[in-house]
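Architecture and fold: a report
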Amino acid sequence: MTCDEAKILLHALLDNELDAGHAREVEAHIAGCPDCAAEFAAQREMQRVLADTDLRYTAPASLRSRIEASLPQPQRQQPSRRSVLRGFAMGSAVSALAASGVVAVVLRQDDQQRILSEVVSAHLRSLQAGHLIDVVSTDQHTVKPWFNGKLDVAPPVIDLTAQGFTLVGGRLDYIDARAIGAVVYKRRQHVINLFVSQTSNAEYRAPKTETMQGFNCRRWGNRGLNFWAVSDIGADELAEFVDKFEAAMKANVEG
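Residues numbered from 1 in each chain as written. Predicted model: local features only at pLDDT ≥ 70, side-chain atom pairs only at ≥ 80, totals over all residues. Heavy atoms only, no water.

Regarding the overall build of the chain
Threshold: Each helix corresponds to a stretch of at least 4 residues labelled H or I by DSSP, and each strand to a stretch of at least 2 residues labelled E; elements are numbered beginning at the N terminus. Accessibility here uses a 1.4 Å probe with only protein chains present; expressed as a share of the type maximum, an area under 20% marks a residue as buried, one over 50% as exposed, and anything in between as partly exposed. Residue-level accessible areas treat just the shown protein chains as cover; the underlying method is Shrake-Rupley with a 1.4 Å probe.
Assigned secondary structure in the chain consists of eight helices and seven strands. Residues counted as buried form 35% of the 255 residues belonging to the chain. For the chain, the accessible surface area stands at approximately 15600 Å², while carbon and sulfur atoms represent 53% of it.

Overview of the pattern of salt bridges
Note the threshold: Definition used for salt bridges: Asp or Glu carboxyl oxygen within 4 Å of a side-chain nitrogen of Lys or Arg.
Counted under the stated rule, the structure contains nine salt bridges. A salt bridge links Arg-114 to Asp-176; the shortest N-O distance between them is 3.1 Å. Note that Arg-114 is positioned in helix α6 (residues 102–126) and Asp-176 in the loop between β2 (166–175) and β3 (178–187), a separation of 62 residues in sequence. Look at Arg-114 and you get partly exposed, because its relative accessible area is 34%. When the shortest N-O distance is used, the salt bridge between Lys-244 and Glu-240 registers 2.7 Å.

Quick word on the packing of helix α1 (residues 3–14) against helix α2 (residues 20–32)
Test applied: Orientation is described by axes fitted as lines to C-alpha atoms, over the contacting stretch for helices, and by angles from 0 to 180 degrees between their N-to-C directions. For any pair of crossing helices, the crossing counts as left-handed if the nearer helix is rotated counterclockwise from the farther one by less than a right angle, and right-handed if it is rotated clockwise. Only heavy atoms matter for contacts: two residues are in contact if any of them lie within 4.5 Å across the pair. Just so you know the grouping, Ala, Val, Leu, Ile, Met, Phe, Trp, Tyr, Cys and Pro go in nonpolar, Asp, Glu, Lys and Arg go in charged, and all remaining residues, Gly too, go in polar.
With their axes 10 Å apart at the nearest point, α1 and α2 run at an angle of 120° to one another. The interaxial crossing formed by α1 with α2 has left-handed handedness. Together, Cys-3, Ala-6, Leu-9, Leu-10 and Leu-13 of α1 and Ala-23, Val-26, Glu-27, His-29 and Ile-30 of α2 make up the contact between the two elements. Taken together, the residues of the contact of α1 with α2 break down into eight nonpolar, one polar and one charged.

Things to note about the packing of aromatic side chains
Cut-off, in case you're wondering: Put simply, two rings from Phe, Tyr or Trp (the six-membered ring, in Trp's case) pair if the centres are within 6.5 Å, and we call them stacked under 30 degrees between planes, edge-to-face over 60, tilted for the rest.
With the rule as written, the count across this model stands at seven aromatic pairs. Measuring from centroid to centroid gives 5.3 Å for Phe-165 and Phe-241, while their planes differ by 65°, and the two rings are edge-to-face. Separated by 76 residues along the polypeptide, Phe-165 in the loop between α7 (140–147) and β2 and Phe-241 in helix α8 (residues 235–254) bring together distant segments of the chain. No difference in accessibility class separates Phe-165 from Phe-241, as the two residues are buried.

Some details on the state of the cysteines
For the record, the criterion: Disulfide: a pair of cysteine sulfur atoms within 2.5 Å of each other.
For the structure shown, the criterion picks out zero disulfides. Unpaired in this structure, Cys-33 has its nearest cysteine sulfur neighbour in Cys-36, at a distance of 3.6 Å. Classification of Cys-33 by relative accessible area gives buried; the value is 10%. By relative accessible area, which is 0% here, Cys-36 ends up buried.

Details of the nonpolar core
Counted only if it meets this: The criterion is simple. A nonpolar core is a set of buried Ala, Val, Leu, Ile, Met, Phe, Trp, Tyr and Cys residues joined through side-chain atoms within 4.5 Å.
Counting residues in hydrophobic clusters, the biggest one holds 26 residues, and the most contacted among them are Leu-160, Tyr-185, Leu-194, Phe-227, Phe-241 and Phe-245. Elements with a contribution of two residues or more to this core: α7, β3, β4 (190–198), β7 (225–231) and α8. Core analysis: the next-biggest nonpolar cluster, separate from the first, contains 17 residues, Leu-13, Leu-18, Leu-132 and Val-168 among them.

Things to note about the confidence of the model for the chain
To keep it simple, the criterion reads: A score between 0 and 100, pLDDT records how confident the predictor is in each residue.
On average, residues of the chain score 82 in pLDDT, and 82% of them are at 70 or above. Every residue in residues 102–107 scores below 50 in pLDDT, and together they form four contacts with partners more than four places removed in sequence or on other chains.

Some details on the environment of His-190
What counts, and what does not: Each polar contact in these results corresponds to two N or O atoms within 3.5 Å; when the atoms are within protein, one needs to be able to donate a hydrogen and the other to accept it, and residues that are neighboring in sequence are counted only if both atoms are side-chain atoms.
Tracing the backbone through its elements, the reader meets His-190 in strand β4. In sequence terms His-190 and Ser-231 are 41 residues apart; their C-alpha atoms lie 7.2 Å from each other. For His-190, the residues in contact, after removing those within four places along its chain, are Tyr-185, Ser-231, Asp-232 and Ile-233. Reaching out from His-190, the side chain makes a polar contact with the side chain of Asp-232 at a distance of 3.0 Å.

Re unusual backbone geometry
With a phi close to 55°, Arg-188 is a non-glycine residue in the positive phi region. As for its position among the elements, Arg-188 is in the loop between β3 and β4.

Right, dumping it as structure tokens:
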């Protein structure tokens, strides 16, 4: 095991997230590597200090009272005849739009935004201690079989370590009330969650990057699967990850 591989797994060892085999490998490396041993000791000390520190701040009740007092009080008004007619006209316009299919498009866009929000929320949950990985491995032949039997379709798992994106494991997650696979990569110390779900739409949908809550999300569709890659790395690096993942997946299919 190299130092780079060990440092990726130090947090998992510290949080007791590694299986017995990987734990022994990391512990053996630490025993013979002063640099990694020092890094592990520093992380363990930081964990102890954070656990012993009360970081929660409780605002005084007087602050809430001052804020509420400063807000404008709502004024109740009876609806005028003009506003009633305007509301009726707007309802008629919505009905006309629904007949033309425009509302359906808007609803689909809203649904996509809702799912994007769920994906980003799942990414945030994964960054909490003990939530990132269910199966810890840098070996794609260990991660991919782990999903078998847990999902209708196992997500493609591709080793991109040589391209600068290290595979560190995978887990089950839930998006849109369905279980989906999450394949986890790292770019330096940054986590990339690749969420994969099955879809009835087999058409290729080109990658598109959106930003939500400070995270970049690049989503696309291919071969009956929906993909969302989420990370705090730059949009250009995330696009690079997706391009290399797609290229490797295409090579595997053609090969």
